[in-house]
Amino acid sequence: MGKLDGKVAVITGAAVGLGAGIAEAFVKHGAKICMINRSARVEETAERLRKQYNAQIITAIADVSNREQVEEAVKKTVDTFGAVHIACCNAGVCQLAPFEQMTDEMFDFHINVNIKGAWNTCKAVIPYMLQQHSGSIVIASSVTGDIVADAGEAAYATTKAALVGLTKCLAVEYAARNIRVNCTQLGYARTPMVEGMAAESNPADPEKAIRDIALGVPMGRLAQPVEVGELTAFLASDEASYITGAQIVIDGGSTLPETMSMGTN
Ligand SMILES: NC(=O)c1ccc[n+]([C@@H]2O[C@H](COP(=O)([O-])OP(=O)(O)OC[C@H]3O[C@@H](n4cnc5c(N)ncnc54)[C@H](O)[C@@H]3O)[C@@H](O)[C@H]2O)c1
């Protein structure tokens, strides 16, 4: 018996990276899922998971910054599987630039995908969740913005911190109507997003930039996407039935050290 047996979930940004890891954990735990992505590449990932887990998966091509496209994807999910119990607002973007070179267009791009994408997904699923008197939403925030930041992340950090606010407000607003809303705060996992950031941070040697991330992590490594998937599956499941409005850090301890030089290690 899987912790997500009988549940139907939509997962945004599911083609690659963490979204693919979340999709894998969800089907492993028995969920039927709709993998939403702006690119058609999501169908390749879905086909791999269907074969590997004999899973019930549909895909929908949608840009999360476009409300109508997200609503259409959620409707397709309900038409196919009869309900939507879980939404994972995972799709996100990150472009680095020094603040004085960061354009308003770049800022708007982050707001539209990272904040409005989650907003649109919540808007699309909550009416169905209210009708069925239950639901669970998991939003991909980050340690970036709310807890830490690196130079060049002003737009990204702003949007990821904002998602904590969205999580808390929706959690309190819908608690009595049995819709739980939580967010995950990941440190670093190796994904196409992080490979892109590494190339921007150290164009001469992006692999070094990725290796060096691990030096600042007490566990000495980056997260695997499926580890984030497991946390998301737990928060989405009935096992987390008394958890709402929580922000759960998953970072291998990266936000713990006070210094890189003091202490007995
Ligand atoms: N990778 C990390 O270390 C890390 C750390 C903290 C938080 N996060 C967050 O986790 C989420 C996923 O990150 P990732 O590293 O897997 O990113 P990624 O860039 O590797 O993958 C993102 C996926 O989302 C899709 N996507 C992007 N914009 C979209 C849009 N407008 N509409 C629909 N789909 C869209 C992409 O096509 C891609 O499939 C993001 O919200 C990110 O901010 C990532």
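Just above sits the structure.
Residues numbered from 1 in each chain as written. Predicted model: local features only at pLDDT ≥ 70, side-chain atom pairs only at ≥ 80, totals over all residues. Heavy atoms only, no water.

1. With respect to the side chain of Asp 251
If you trace the backbone, Asp 251 turns up in the segment after strand S7 (247-250). Among the polar contacts made by the side chain of Asp 251, one reaches the main-chain amide nitrogen of Gly 253 at a distance of 2.9 Å. Sequence-distant contacts of Asp 251, defined by excluding residues within four places in its chain, comprise Val 143, Gly 187 and Val 217. (Helix = DSSP H or I, 4+ residues; strand = E, 2+ residues; numbered from the N terminus. Polar contact = N/O pair within 3.5 Å; in protein donor to acceptor, adjacent residues only side chain to side chain. Contact = heavy atoms within 4.5 Å.)

2. Thoughts on helix H8 (residues 225-236)
Residues three or four positions apart in an α-helix share a direction because the helix packs 3.6 residues into each turn. Under the 1.5 Å per step criterion, the end-to-end length of H8 is 16 Å for 12 residues, consistent within 8% with the ideal 16 Å. Burial in H8 covers these residues: Pro 225, Val 228, Gly 229, Leu 231, Thr 232, Ala 233, Leu 235 and Ala 236. Residues of H8 that are buried make contact with helix H1 (17-28), strand S4 (86-89), strand S5 (135-140), strand S6 (179-186) and S7. (Expected span 1.5 Å × (residues − 1). Buried < 20%, exposed > 50% of the residue type's maximum accessible area, 1.4 Å probe, protein only.)

3. Quick notes on unusual backbone geometry
The phi dihedral of Asn 54 falls on the positive side, at around 50 degrees, and the residue is not glycine. Mapped onto the secondary structure, Asn 54 falls in the loop between helix H2 (42-53) and strand S3 (57-61). Accessibility expressed as a relative area gives 72% for Asn 54, which makes it exposed. Unlike most non-glycine residues, Asn 178 shows phi in positive territory, near 65 degrees. Looking at where Asn 178 falls in the secondary structure, it is placed in the loop between helix H5 (154-174) and S6.

4. Some points on the sheet that holds strand S1 (residues 8-12)
The parallel open sheet is built from seven strands, whose spatial order is S3-S2-S1-S4-S5-S6-S7. Strands with a single pairing partner mark the edges of an open sheet, and in this sheet they are S3 and S7. Each neighbouring strand pair of the sheet contributes to a mean axis angle of 20 degrees, computed without reference to strand direction. Sheet topology places S5 next to S6; six bridges connect them, and they run parallel. By the bridge assignment, Gly 135 is partnered in S6 with Ile 179. (Pairing = 2+ DSSP bridges. Axes fitted to C-alpha atoms, helices over the stretch in contact; angles between N-to-C directions.)

5. Some details on the nonpolar core
Membership of the largest hydrophobic core comes to 36 residues, with the highest contact counts inside it found for Val 125, Ile 126, Ile 137 and Ile 139. When residues of this core are assigned to their parent elements, the largest contribution, seven residues, is made by helix H4 (residues 104-132). With sequence-adjacent residues up to four places away left out, Ile 139 is seen in contact with Cys 89, Cys 122, Leu 163, Leu 166, Thr 167, Val 181, Asn 182, Cys 183 and Thr 184. If you look at the next biggest cluster of nonpolar residues, it comprises 30 residues, including Ala 14, Ala 31, Cys 88 and Ala 189. (Core = buried A, V, L, I, M, F, W, Y, C linked by side-chain atoms within 4.5 Å.)

6. Concerning the site of the ligand
Around the ligand sit 27 residues in total, of which Leu 18, Asn 90, Tyr 156, Lys 160 and Thr 191 are the nearest. One nitrogen or oxygen atom from the main chain of Leu 18 is found 2.8 Å from an oxygen atom belonging to the ligand. The separation between an oxygen atom of the ligand and a polar main-chain atom of Pro 192 is 3.4 Å. Its atoms largely coinciding with the cavity grid, the ligand occupies the largest pocket. Of all the elements in the fold, those that place two or more residues in the shell around the ligand are H1, H5 and helix H6 (192-201). Ranked by the residues each element gives to the shell around the ligand, the list is headed by H6, at three residues. (Near = heavy atom within 4 Å. 1 Å grid on protein atoms, 1.4 Å probe; cavity = no way out; pocket = protein on both sides within 12 Å on 5 of 7 lines; lining within 4 Å. Sits in = over half its atoms within 2 Å of the grid points.)

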